[in-house]
Every structure is written in structure tokens, then in C-alpha cells.
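# Inside the fold
The residues making up each chain are set out below.
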Amino acid sequence: MKIASIAAVVVALFAAGSASASPVNLITNGDFESVAPGYTFSSGFHVVNSGSSAIGGWTVGASSVDLIRNAYNAINGYSIDMLGTPGPGFLSQSFNVVAGQTYNLAFDMARNPGGPAGQGVAVNFGGVTQNFYSTAAASNTLYSNTLSFTAASTGLATLSFASAAKAGTPFDNYSGAVIDNVSVMAAVPEPETYAMLLAGLGLMGFLRRRKAAR
């Protein structure tokens, strides 16, 4: 491909990236507001057992999770207490990825005040794993957590949350970490990246012209 053609592609990519002011959340129902009839309520909790499809887009595993609202430190509307009744709880969802693309996970976490500090979640994000714990004594502390991974191949990747507890923290099987506002976004290259690539192409063009002039 000629340098001019490559430069045109880079400019087009830059324009497309600039136009993407609102990245798309690759996770379905990341705010947990889409729930099956019979699970809607104004306050309290509802047990969602393993294998249930009541939480739109999500697969429930292990024992159960609790769908909560206006109680137990629910964050916005409906949230999920990962330590169901009883726990442990597990949630997962798959999403499409492209090889070489970096993806960023963000989610909010609190803890059910019925359980001690140290309740949390074990996250597996496209094969990258990390545990996140509620460490503050105040039960109403909100944690905004992030994690990233770069896809090795094109296809499906999986995001999962499993109830977890920090070493030395009692695992009471009922009051655990509360999660909400889950999002996965494809990382958009910074404008400086395009500028560097264009500069490199310009240098290549200069060297080619200089070589041809000899």
C-alpha cells in the first residue's frame, strides 16, 4: 500500500475515533435494571438462584445472588449482592472482542452492611483476574473499580464476578459485596497515537523521495 493511501486510512481512523464521543457498553444490562416479571419490587431483596435467567443478559452460577433495591446498600435502582441467600454467588456474561484491541472494565461496589468489611468479588475479565475488597469500616463507602485486558484473538471473551472475602474476613453466606453499573468499553487510541503514526509516515515519504533523487 502506498504511503498516501496509508495516511488516508490513518486520517479516516482518527476521524472515526474523534466521532466516537460516546463509546458503546459491550455489556448487556450492566445496571441490572432489566429483570424478569415477578422479580420487580420497590424495596428489599429477591433471591436469584443458579441457572435463573431473571437478570437480563447475565448467567447466575454457584448457589445464588440477591437482587436488591433501596436496601442493603443498593447503589442505583437494582443492584446485586454477590453473596446470595445463601451464597456463594457467581455472575458471568460473554461479549465480542477483536484481536489486539484493549478493553476497559468499570464497576461500582459497596457492601451489604449486614456483613463485615473485607467482603468483595473475584473478577475474571478476559482471562485477567483480580480480587476487589471493601476495606473501609463505613459500610456506605462506594468503590469505583477498573480492570483492563487486551484480546489475543477475535471472538468471545467472558466477564465474571464471584463472591469473595479478604483473608481473615468471615464468610457469612448472606451479606456480601454489592455491585452495579458494570461497563466494558473498547479503548480508543489517544490523538497523539495517530499523530505519531502520521509523523512516521511523513518521515518514510521523505526518505523515499530522497533515495529516488539520488
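So, here's what we can say about the structure. Bear in mind the structure is a predicted one, so any value in this text is a computation, not a measurement.

Next up on the list: the sheet that holds strand 2 (residues 59-62). Strand order in the open sheet formed by five strands is 2-5-10-7-8, and the pairing between neighbours is antiparallel. Sheet topology places strand 2 and strand 8 (128-133) at the edges, where each strand pairs with a single neighbour. Ignoring strand direction, the axes of neighbouring strands in this sheet form an average angle of 25°. Inspection of the sheet shows strand 7 (residues 119-125) paired to strand 8 by six bridges, in the antiparallel sense. Looking at strand 8, one finds that Gly-120 is bridged to Tyr-133.

Further remarks concern unusual backbone geometry. When glycine is set aside, most residues are seen to have a negative phi, and most peptide bonds are trans. The omega torsion across Thr-85 and Pro-86 is -10°, close enough to zero to call that bond cis. When you line up the elements, Pro-86 lands in the loop between strand 4 (78-81) and strand 5 (89-97). A cis amide bond, omega 5°, links Gly-87 with the succeeding residue Pro-88. Tracing the chain through its elements places Pro-88 in the loop between strand 4 and strand 5. With a phi close to 60°, Phe-32 is a non-glycine residue in the positive phi region. When you line up the elements, Phe-32 lands in the loop between helix 1 (3-19) and strand 1 (44-49).

A sheet is described by the order of its strands in space; here six strands give the open sequence 1-3-4-11-6-9, paired in antiparallel fashion. The strands lining the two open edges of the sheet, one partner per strand, are strand 1 and strand 9 (143-150). Pairs of neighbouring strands in the sheet enclose a mean axial angle of 35°, with direction left out of account.

Further remarks concern the environment of Asn-131. Counting through the fold element by element, Asn-131 comes out in strand 8. A residue is classified by how much of its surface remains accessible, and Asn-131, at 39% relative accessible area, is partly exposed. C-alpha of Asn-131 to C-alpha of Phe-161: the two residues are 30 residues apart in sequence and 9.4 Å apart in space. Apart from residues no more than four positions distant in its own chain, Asn-131 is found in contact with Val-121, Ala-122 and Val-123. In terms of polar contacts, Asn-131 uses its side chain to reach the side chain of Tyr-133, at 2.9 Å.

Evaluation of the coordinates by the stated rule reveals 11 aromatic pairs. When the centroid spacing of 5.4 Å and the interplanar angle of 80° are considered together, the rings of Phe-41 and Tyr-78 count as edge-to-face. One end of the pair, Phe-41, is in the loop between helix 1 and strand 1; the other, Tyr-78, is in strand 4, with 37 residues separating them in the sequence. No difference in accessibility class separates Phe-41 from Tyr-78, as the two residues are buried. Measuring from ring centre to ring centre gives 4.8 Å for Phe-125 and Phe-149, while their planes differ by 80°; the resulting arrangement is edge-to-face. Of the two residues, Phe-125 sits in strand 7 while Phe-149 sits in strand 9, which places them 24 residues apart along the sequence. In terms of burial, Phe-125 and Phe-149 fall into one category: buried. Ring-pair connections join several aromatic residues into one group, and the members of that group are Phe-32, Trp-58, Phe-107, Phe-132 and Phe-161. The ring of Tyr-78 carries Arg-69 above its face, with NZ or CZ at 4.6 Å from the centroid.

Cut-offs applied
- Residues numbered from 1 in each chain as written.
- Predicted model: local features only at pLDDT ≥ 70, side-chain atom pairs only at ≥ 80, totals over all residues.
- Heavy atoms only, no water.
- Pairing = 2+ DSSP bridges.
- Helix = DSSP H or I, 4+ residues; strand = E, 2+ residues; numbered from the N terminus.
- Axes fitted to C-alpha atoms, helices over the stretch in contact; angles between N-to-C directions.
- Buried < 20%, exposed > 50% of the residue type's maximum accessible area, 1.4 Å probe, protein only.
- Contact = heavy atoms within 4.5 Å.
- Polar contact = N/O pair within 3.5 Å; in protein donor to acceptor, adjacent residues only side chain to side chain.
- Phe/Tyr/Trp six-rings, centres within 6.5 Å; stacked < 30°, edge-to-face > 60°.
- Lys NZ or Arg CZ within 6 Å of the ring centre and 35° of its normal.

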